[in-house]
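Spelled out, the chains give:
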Amino acid sequence: MGNLSFHTLCVHAGTRIDPMTGGVNTPVYTSTSYPYLDTDVRPYPRYFNLPNQKAVIEKLIFLEGCDPDTTDGILFSSGMAAISTTLFGLLKSGDHAIFQRGLYGGTTHFINGWLERYGIEWSYPASGEPEAFEQAIRPSTRMVYIETPSNPLLGITDIEGIARIAKKHGLISVIDNTFASPVNQNPRLLGIDVVIHSATKYLGGHSDICAGAIIAPKEIAQPLYKMALNLGGSLNPETCYLLERSMKTLAIRVEKQNKNAMEVALFLAQHPGISRVFYPGLPSHPGHLIARKQMKGFSGMLSFELRSADPVKFQKSLKLIRPSMSLGGVDSIICSPVLTSHRNLTMEELDKEGITDKVLRLSTGIEDATDIIHDLKQALEMNPE
Ligand SMILES: *Cc1c(COP(=O)(O)O)cnc(C)c1O
């Protein structure tokens, strides 16, 4: 399998051909009861070892450029289940972790709200530079955790730089790879230990699945698996099958989304009604050079700032692009970080990150770029001030 190329792996990797009929798709194995006599393999949904769970995770292992002989994965019922299992499975009382600033809102709430009661210490580095992570290391530090591109301004963290520092100091490195998807970025190949996905986003891709996943070397996956068994966030076989089906088209979807995002970014960058555009594919983006080094595509996500238009009126003037939450689906959607993902931040924190109420985040779908651009254009014209 490993010698096949990316689009082929999307279609074929992990598939459990129907043993009864030879049908080309993995059948949906609904049982929660399997025999235990004369067998070491004892499937059970919460053991994360049903054929449908294994089919998805094996596909993802291949898409992340890894080998199932040395790499394992766990499929969860949400991205947050993957994240909480990773933190609780790898950190214990007295340990210290370094988290990049500006993580996904749910991750930040979990860190700020729950780690302290379990005696886990953490800090945020002064900046996103690898040197700042190194300076934040203490004798008790066990983990560095990053997310790139980040939400909502598509900030880029130097993955190889972080992985190098983690290796040098014997720390486990973790990345949330949701925004990039395996189409655009394979962090295990850049030296990161644990790769997390919210499969609710690009892997699911149709805004109708909630799921999450972890990919890690076998020796790190083992304690994660033990914690996962206790937290119990496994995914049902029907949704596993939907996810497996979606991932067959992952590459063609994301490549189209990359292309659309680039066209939209170029249009917005020259529009007088827009004051700033945040897209790693633009040479003006501060992370452009690192993005070029570590990403295969610049992703389907971008953000921009309205110069003077009222952001709520602007969103209500859109006819095709829906103001709604989440991202990564085939439909283009727009959302205001200040009203959604970042509503719990103080004015000072928002200021520090450069997020104003005029910043909007666009998740480009797979429609034709001309129609997405036309919709943005007419909404800008309707809201000149
Ligand atoms: C959505 C998201 C999550 C959480 O995933 P859920 O499936 O909603 O639990 C984590 N990280 C990032 C970057 C996300 O966008």
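See the structure shown above.
Please read all numbers here as calculations on a predicted model, not as lab measurements. (Residues numbered from 1 in each chain as written. Predicted model: local features only at pLDDT ≥ 70, side-chain atom pairs only at ≥ 80, totals over all residues. Heavy atoms only, no water.)

Enquirer: Give a description of the packing of helix H2 (residues 51–63) against helix H9 (residues 237–247) that names residues and reports values.
Expert: Here H2 crosses H9 at 30 degrees, and the two axes come no closer than 8 Å. Judged by the inter-axis angle, H2 sits roughly parallel to H9. Judged by the twist between their axes, the crossing of H2 over H9 is left-handed. Here H2 contributes Asn 52, Gln 53, Ala 55, Val 56, Lys 59, Leu 60 and Leu 63 to the contact with H9, which in turn contributes Pro 237, Cys 240, Tyr 241, Leu 243, Glu 244 and Met 247. When its residues are assigned to classes, the contact of H2 with H9 shows nine nonpolar, two polar and two charged. (Axes fitted to C-alpha atoms, helices over the stretch in contact; angles between N-to-C directions. Helix = DSSP H or I, 4+ residues; strand = E, 2+ residues; numbered from the N terminus. Parallel < 35°, antiparallel > 145°, perpendicular 65-115°, else oblique. Left-handed = near helix turned anticlockwise from the far one by under 90°. Contact = heavy atoms within 4.5 Å. Nonpolar A, V, L, I, M, F, W, Y, C, P; charged D, E, K, R; others polar.)

Enquirer: Can you lay out the pattern of salt bridges for me, pointing to particular residues and giving the numbers?
Expert: Taken as a whole, this structure holds ten salt bridges when the rule is applied. The partner of Arg 138 in a salt bridge is Glu 121, and the shortest N-O contact between them spans 3.5 Å. Placement of the pair is Arg 138 in the loop between helix H5 (130–135) and strand S4 (141–147) and Glu 121 in strand S3 (residues 121–123), with a sequence separation of 17 residues. Residue Lys 168 pairs with Glu 134 through a salt bridge whose shortest N-O separation is 2.8 Å. Linking Lys 168 in helix H6 (residues 159–168) with Glu 134 in helix H5, this pair joins segments that are 34 residues apart in sequence. (Salt bridge = Lys/Arg side-chain N within 4 Å of Asp/Glu carboxyl O.)

Enquirer: Tell me about the layout of surface pockets, residues and numbers included.
Expert: In this structure, the largest pocket encloses a volume near 1100 Å³. Residue lining of the largest pocket: 38 residues in total, with Gln 100, Arg 101, Gly 102, Ser 150 and Glu 353 positioned closest to the centre. Ranked by the residues each element gives to the lining of the largest pocket, the list is headed by helix H4 (residues 105–114), at four residues. Grouping the constituent residues of the lining of the largest pocket by class yields 14 nonpolar, 18 polar and six charged. What the second largest pocket holds in volume is close to 350 Å³. If you list the elements that add at least two residues to the lining of the second largest pocket, you get H2, strand S1 (71–76) and helix H8 (218–231). Among the residues forming the lining of the second largest pocket, the class breakdown is nine nonpolar, five polar and five charged. (1 Å grid on protein atoms, 1.4 Å probe; cavity = no way out; pocket = protein on both sides within 12 Å on 5 of 7 lines; lining within 4 Å. Points joined across faces, edges and corners; volume = space filled by probe spheres on them.)

Enquirer: So what's going on with H8? Which residues, and what values?
Expert: Here H8 contains 14 residues, and its C-alpha end-to-end distance of 20 Å stays within 8% of the 20 Å for a straight helix at 1.5 Å per residue. Among all positions in H8, only Ile 220, Ala 221, Leu 224 and Ala 228 are buried. One or two steps after H8, the chain reaches Gly 232, where phi turns positive at roughly 75 degrees. (Expected span 1.5 Å × (residues − 1). Buried < 20%, exposed > 50% of the residue type's maximum accessible area, 1.4 Å probe, protein only.)

Enquirer: Describe the site of the ligand, naming the residues involved and giving the relevant values.
Expert: What surrounds the ligand is a group of 14 residues, the closest being Gly 79, Met 80, Asp 176, Thr 200 and Lys 201. Backbone polar atom of Gly 79 to an oxygen atom of the ligand: 2.9 Å apart, as the coordinates give it. The fraction of the free accessible surface of the ligand (380 Å²) that becomes covered by protein chains is 92%. Looking at the shell around the ligand element by element, the count peaks at three residues for helix H3 (residues 79–90). (Near = heavy atom within 4 Å. Polar contact = N/O pair within 3.5 Å; in protein donor to acceptor, adjacent residues only side chain to side chain. Areas by Shrake-Rupley, 256 points an atom, 1.4 Å probe, with all protein chains shown as cover.)

Enquirer: I'd love a proper account of the sheet that holds strand S9 (residues 301–306), names of residues and values included.
Expert: Taken in spatial order, the five strands line up as S8-S9-S12-S11-S10 in an open sheet, and their pairing is mixed. The sheet terminates laterally at strand S8 (274–278) and strand S10 (322–323), the two strands that pair on one side only. (Pairing = 2+ DSSP bridges.)

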